[in-house]
Amino acid sequence: MKTHQAAQLDALGDGTRRAIFELLTREEHAVGELAAQFPISRPAVSQHLRVLVDAGLLTVRRDGARRLYAADPAGIALLKASVERFWRDALVAFKDVAEHPPAEQAPAEQPPEEKR
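Residues numbered from 1 in each chain as written. Predicted model: local features only at pLDDT ≥ 70, side-chain atom pairs only at ≥ 80, totals over all residues. Heavy atoms only, no water.

> Before we move on, can you summarise the packing of helix H2 (residues 15-26) against helix H4 (residues 42-54) with the specific residues and values?
Contact geometry for H2 and H4: axes closest at 10 Å, N-to-C directions at 75°. When the axes of H2 and H4 are compared, the pair comes out roughly perpendicular. Within the contact between the two elements, H2 uses Thr16, Arg17, Ile20, Phe21 and Leu24 and H4 uses Val45, His48, Leu49, Val51 and Leu52. Its residues assigned to classes, the contact of H2 with H4 comprises 7 nonpolar, 2 polar and 1 charged. (Axes fitted to C-alpha atoms, helices over the stretch in contact; angles between N-to-C directions. Helix = DSSP H or I, 4+ residues; strand = E, 2+ residues; numbered from the N terminus. Parallel < 35°, antiparallel > 145°, perpendicular 65-115°, else oblique. Contact = heavy atoms within 4.5 Å. Nonpolar A, V, L, I, M, F, W, Y, C, P; charged D, E, K, R; others polar.)

> How would you summarise the nonpolar core if you had to cite specific residues and measurements?
In this structure, Ile20, Leu49, Leu52, Leu57 and Leu58 are the most contacted members of the largest nonpolar core, which totals 20 residues. When residues of this core are traced back to their parent elements, those giving at least two are H2, helix H3 (31-35), H4 and strand S3 (66-71). With residues up to four places along the chain from it excluded, the contact list for Leu52 reads Ala11, Leu12, Arg17, Ile20, Phe21, Leu57 and Leu58. (Core = buried A, V, L, I, M, F, W, Y, C linked by side-chain atoms within 4.5 Å. Buried < 20%, exposed > 50% of the residue type's maximum accessible area, 1.4 Å probe, protein only.)

> Could you give an account of a nonpolar patch on the surface, naming the residues involved and the relevant values?
A cluster of nonpolar side chains, Leu9, Val83, Phe86, Trp87 and Leu91, forms an exposed patch at the surface whose accessible area comes to about 540 Å². Among the elements that make up the nonpolar patch, the one with the highest residue count is helix H5 (residues 73-99) (4 residues). Within the fold, Trp87 resides in helix H5. (Patch = residues over 30% accessible without salt bridge, like charges linked within 9 Å, V, L, I, M, F, W, Y side chains within 5 Å. Areas by Shrake-Rupley, 256 points an atom, 1.4 Å probe, with all protein chains shown as cover. Salt bridge = Lys/Arg side-chain N within 4 Å of Asp/Glu carboxyl O.)

> Tell me what's going on with the environment of Leu79, and back it up with residues and numbers.
Turning to its location among the elements, Leu79 is positioned in helix H5. The exposure class assigned to Leu79 is buried, which follows from its relative accessible area of 12%.

> With reference to specific residues and values, describe the sheet that holds S3.
The antiparallel open sheet is built from 3 strands, whose spatial order is S1-S3-S2. The strands lining the two open edges of the sheet, one partner per strand, are strand S1 (29-30) and strand S2 (58-63). Both S2 and S3 contribute to a ladder of 6 bridges, which runs antiparallel. When the bridges of S3 are listed, Leu58 appears paired with Ala71. Relative to the sheet, H2 contacts S1, S2 and S3, its axis offset from that of S3 by approximately 90°. Most of the contacts of H4 go to S2, to which it runs at about 120°, and overall it touches S2 and S3. (Pairing = 2+ DSSP bridges.)

> Report on H2, specifying residues and quantitative values.
The end-to-end C-alpha distance of H2, which contains 12 residues, comes to 17 Å, matching closely the 16 Å that a straight helix rising 1.5 Å per residue would cover. Along H2, the positions that sit buried rather than exposed are Arg17, Ile20, Phe21, Leu23 and Leu24. Angular distribution of buried residues about the axis of H2 spans 160°; they occupy a single face of the element. For H2, the capping residue at the N-terminal end is Asp14, with a side-chain oxygen 3.1 Å from the backbone nitrogen of Thr16. (Expected span 1.5 Å × (residues − 1). Arc of directions from axis to C-beta. Polar contact = N/O pair within 3.5 Å; in protein donor to acceptor, adjacent residues only side chain to side chain.)

> Please provide a residue-by-residue account of the pattern of salt bridges, values included.
In total, this model carries 5 salt bridges according to the counting rule given. Of the charged contacts, one joins Arg61 and Glu28 as a salt bridge, the two residues approaching to 2.4 Å between their closest N and O atoms. With Arg61 in strand S2 and Glu28 in the loop between H2 and S1, the pair connects residues that are 33 residues apart, well separated along the chain. Given the relative accessible area of 31%, Glu28 is considered partly exposed.

Shown next as structure tokens:
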């Protein structure tokens, strides 16, 4: 089973989906408004929105017959924490290697130099 963080990263791995998400971090939009801004069909936009909602990156709010989508601050906070954890772990590992390098290996034997 995929972790929540993996689902979020996978959801943002598609360029169109990432562009939709970036628009929705600024203000909420309905599907039709988003579809007008992309060279894809309205059903395709709806599919991208579904993936982002399922990944916990968007919220959906009903306004009459329309559904308005917006970035979910809680989902963004989880994604941010996941990325920060990744970098923290990577930097700790780098620091450990820098402070305690593996034992040096003997230099490789050099081929004899050619005489001219």
